Amino acid sequence: VDTLSGLPVIYKVGFELFMNGGAEVVRELVHRKSRVFLDLKFHDIPNTVARAARLAALLHVDMFTVHLAGGSQMVRAVAQELAEIPSLRPKILGVSVLTSFDDVRWAEVTRAMTNHAVDVSDSVTGLVEHATAWGADGVVCSAFELPSIRSNFPSLYTVVPGIRPEGTAAHDQARVMTPSQAREAGASAIVMGRPITESKNPRSVVESAL
């Protein structure tokens, strides 16, 4: 955080960091006037997720994630809960299909659930179509779904994970793009983790992506 001071960065707090430092990590980032993206991908019964969303808002995070697969009742419960505290309301980001899935692995899941194989793009489109009506402000999707989303939902806030600078390893991400490709496709924000955290010069990595 000190190294990246002054750069337009939103710090993603995911499972690993949250399990290590908990809410205190978020409070410390906010205390330092840093923006926070709480990426815990809430997915549970509506009341539980709504209460968790309120606690996230009280931490003063900028945005947080819920799984759109939790359904309309869950996402609407979150939106209704946050409507009670409008001055603190963070962006609600709906997660469609994780970028670790390709069509083959996603087909395993959809076939197990419905006895039919469904392409990743069809599942993403189906979930995104409902996101705003349910109360989400934006979605998390791969850059490969961006052209369709931008065409059909131009005002939707889009966060794109799986971003890798040219020449770096994809690791466990199946659907990746470079920062410039994601920008050209219309991403509102990109997520780039390990290329930064594992670099000996993280500031230069961030600056090269701007």
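Note that the coordinates shown come from a computational prediction; the quantities given were computed from them, not determined experimentally.

**Re the overall build of the protein chain**
Then step 1. The number of helices and strands found in the protein chain is nine helices and seven strands.
Then step 2. Its C-alpha atoms give the protein chain a radius of gyration of 17 Å, within 12% of the compact-globule value 17 Å for 210 residues.
Then step 3. Here the C-alpha coordinates of the protein chain stretch approximately 50 × 45 × 30 Å along the principal axes.
Then step 4. Residue burial in the protein chain is summarised as follows: out of 210 residues, 46% are buried.

**Some details on the nonpolar core**
Then step 1. Ranked by size, the top nonpolar core spans 53 residues in total, and within it Leu38, Phe64, Val66, Val78, Leu82, Ile92 and Val139 carry the most contacts.
Then step 2. When residues no more than four places from it in sequence are discounted, the contact partners of valine 78 are Val49, Ala50, Ala53, Phe64, Val66 and Ile92.
Then step 3. Val95, Val140, Val159 and Val191 belong to the second-largest nonpolar core, a separate cluster that totals nine residues.

**Looking at the sheet that holds strand 1 (residues 10-13)**
Then step 1. Read across the open sheet, the seven strands follow the order 1-2-3-4-5-6-7; overall the sheet is parallel. With one partner strand each, in any of the chains shown, strand 1 and strand 7 (189-190) form the two edges of the open sheet.
Then step 2. Sheet topology places strand 6 (residues 157-160) next to strand 7; two bridges connect them, and they run parallel. The partner of valine 159 across the bridge, within strand 7, is alanine 189.

So, how was this worked out
- Residues numbered from 1 in each chain as written.
- Predicted model: local features only at pLDDT ≥ 70, side-chain atom pairs only at ≥ 80, totals over all residues.
- Heavy atoms only, no water.
- Helix = DSSP H or I, 4+ residues; strand = E, 2+ residues; numbered from the N terminus.
- Rg over C-alpha atoms; globule rule 2.2 N^0.38 Å.
- Buried < 20%, exposed > 50% of the residue type's maximum accessible area, 1.4 Å probe, protein only.
- Core = buried A, V, L, I, M, F, W, Y, C linked by side-chain atoms within 4.5 Å.
- Contact = heavy atoms within 4.5 Å.
- Pairing = 2+ DSSP bridges.

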